[in-house]
Amino acid sequence: MQTDSSFTFVLFGGTGDLSMRKILPALFEAHRAGGMLADSGKIFAVARHAADRSEYLQWVNEHVKPHVSKNGVDEAAWASFLKRIEFVKIDLGNPDDFALLRDAIQDLPGIRVFYLATGPSLFVPICHALASVGLNANARIVLEKPLGYDLKSSNAINDAVGEIFAEEQIYRIDHYLGKEPVQNLLALRFGNALFEPLWRREWVESIQITIAEELGVEARGDFYDNTGALRDMVQNHLLQLLSIVAMEPPHSMDSDSVRDEKLRVLRALKPIDPRDIGKVAVRGQYHSGVIRGTSVPAYATEPGVRPDSTTETFVALKVEIENWRWAGVPFFLRTGKRLADRVAEIVVNFRPVPHSALGASALRAGANRLVIRLQPNETIRLYCLAKQPGEGMNLASVHLDLAFDQFFREGQMEAYQRLLLDVINGRLALFVRRDEQEAAWRWVEPILNEWKASNKPPKPYASGTWGPAASSAMLAQHGTCWLEEEN
Ligand code: BG6
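Parameters and conventions
- Residues numbered from 1 in each chain as written.
- Predicted model: local features only at pLDDT ≥ 70, side-chain atom pairs only at ≥ 80, totals over all residues.
- Heavy atoms only, no water.
- Helix = DSSP H or I, 4+ residues; strand = E, 2+ residues; numbered from the N terminus.
- Rg over C-alpha atoms; globule rule 2.2 N^0.38 Å.
- Buried < 20%, exposed > 50% of the residue type's maximum accessible area, 1.4 Å probe, protein only.
- Arc of directions from axis to C-beta.
- Contact = heavy atoms within 4.5 Å.
- Salt bridge = Lys/Arg side-chain N within 4 Å of Asp/Glu carboxyl O.
- Expected span 1.5 Å × (residues − 1).
- Polar contact = N/O pair within 3.5 Å; in protein donor to acceptor, adjacent residues only side chain to side chain.

### Structural notes on the overall build of the protein chain
Scanning the protein chain for helices and strands turns up 16 helices and 16 strands. Taken against the 2.2 N^0.38 rule, which gives 23 Å for 487 residues, the C-alpha radius of gyration of the protein chain at 24 Å falls within 12% of a compact globule. Based on the C-alpha atoms only, the size of the protein chain along its principal axes is roughly 80 × 50 × 45 Å. Of all 487 residues assigned to the protein chain, the portion counted as buried reaches 52%.

### Focus on helix α4 (residues 98-105)
Every buried residue of α4 is listed here: Phe98, Leu101 and Ile105. The arc that holds the buried residues of α4, viewed along the axis, is 50°, so those residues lie on one side. In the core, the buried residues of α4 are packed alongside β1 (7-12), β2 (42-47), β3 (85-89), β4 (111-116) and α5 (123-132).

### Examining the environment of Val64
Position of Val64 among the secondary structure elements: in helix α2 (residues 53-64). Between the C-alpha atoms of Val64 and Ser257, which are 193 residues apart in sequence, the distance is 37 Å.

### Let's talk about the environment of Lys279
If you trace the backbone, Lys279 turns up in helix α11 (residues 277-280). Note: C-alpha distance between Lys279 and Leu186 (93 residues apart in sequence) is 32 Å. In this structure, Lys279 is in contact with Met474 and Gln477, ignoring residues within four places of it in sequence.

### Section: the pattern of salt bridges
Taken as a whole, this structure holds 36 salt bridges when the rule is applied. Measuring nitrogen to oxygen at the nearest pair gives 3.6 Å for the salt bridge that ties Lys279 to Asp276. A residue is classified by how much of its surface remains accessible, and Asp276, at 30% relative accessible area, is partly exposed. Its salt-bridge partner being Arg338, residue Glu302 comes within 3.9 Å of it at the nearest N-O pair. Of this pair, Glu302 sits in the loop between β9 (294-296) and β10 (314-319) while Arg338 sits in the loop between β11 (331-336) and β12 (343-350), and the two are 36 residues apart along the sequence. According to the relative accessible area criterion, Arg338 is buried, its value standing at 11%. Through salt bridges that share partners, Asp256, Arg259, Asp260, Arg433 and Asp435 make up one connected network.

### Describing unusual backbone geometry
Cis peptide bonds are those with omega within 30 degrees of zero, and the linkage from Lys145 to Pro146 qualifies with 0°. For Pro146, the location among the structural elements is in the loop between β5 (139-143) and α6 (151-164). Following Gln375, the chain continues into Pro376 via a peptide bond in cis, with omega recorded as 10°. One can find Pro376 in the loop between β13 (369-375) and β14 (379-387). A positive phi angle, close to 55°, is found at Asn368, a residue other than glycine.

### Considerations on helix α10 (residues 255-267)
The terminal C-alpha atoms of α10 lie 18 Å apart, and with 13 residues this matches the ideal 18 Å at 1.5 Å per residue to within 8%. Those residues of α10 that fall on the buried side of the exposure criterion are Ser257, Val258, Arg259, Glu261, Lys262, Leu263, Val265 and Leu266. At the N-terminal boundary of α10, the capping side chain belongs to Asp254, with an oxygen 3.1 Å from the backbone nitrogen of Asp256.

Laid out in structure tokens, this is it:
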């Protein structure tokens, strides 16, 4: 992809964790690859915690470089990357400081991208300050999640930002949408005639979507304890994955066609009746345990977490979609920290054959299943039954495997790299539109409210397990189990 469109990329929160681990490394990769970023494109880091450009570059060398290119840094590319970086010292609490930014960038050619890698409480003040110095024209603004705490606060931010920037200028990031395998899900569903006719209630019995992490809350205890897994992972990443799995074929891949179809799914989610919450939602919190031979502490003893915290680090949900394609098919969503494995996958359980001339074993589990693994290694596995060699007609579960790294050895792009290039090039398809975000909050909110009102603590689970037993029990009620429980 060659580009000559110039840009000025302004990074608010320039010394923050996200800038260090994701944004600057992604910009470096795009720079190193050559041809993806216009030579004239500049990066302006905005921060308080550095005195000047040379101090900032020192910070970049110390903190960002270790996060780039796992296979070693290309020193020449690194040196030329640093030349793109400028620094503006701004106190975000002081709107007058924004004149410094205006003076620094107003005469530069091309589009302006303002990336707000800051806490959401700064989104609105930053937008106002940008407008006050006339920087909201010819600009795109990138908002990191979490965007708000609930529907009301997210609407308040969207309203305020929307007064300054038009919706086409606003790029709400959900980094899961930038992941190569998530893109591939669209290719799998809409590029192949094979799956689409089966992708509906007549043939699908249930679907599971899991995002499991081994990591705990790390250094983010403060933030996480006020957020919890439902807001951190379900409202955005899991519901976005669900909407891609369940959406109707869009008429094209342009940004609004895809987002319109995702929105229809989000609006068709069956509202959760607070009286049913115990049957369709499980919340858990990790206790101490052992992960890969290492003892790890309980959530409540992590730095920044209240010792009596009732914040959930695990959620499992049964979700239904009220439309013709999916009525009656349960979608089981699950996410958690300190689980037994790091894995993100989608499991489509198809119905068994309606009548088996081959005996009862043809109805057994372990067949008629598609497993799409998004991470850590991208694979698609189709489980079928085959005859065991030898006498008699005994069936065994076998699988067809597609490992993407065997087909495509190069060219994998990190989510942030793809998304940042999309912002610079004005492609909105992989960003969350305001109405999608509202629909997701609207669906999630009754769960949050009910959990708060009931005042029940989350169910404990030992680190290194798959969450509270109630999560398995919920699936058992529907005659099914999580994939790992079958193996
Ligand atoms: C982030 C969450 O959005 O996604 C984190 O805030 C979580 O809590 C992370 O760890 C998971 O992303 P990935 O790409 O590592 O699966």
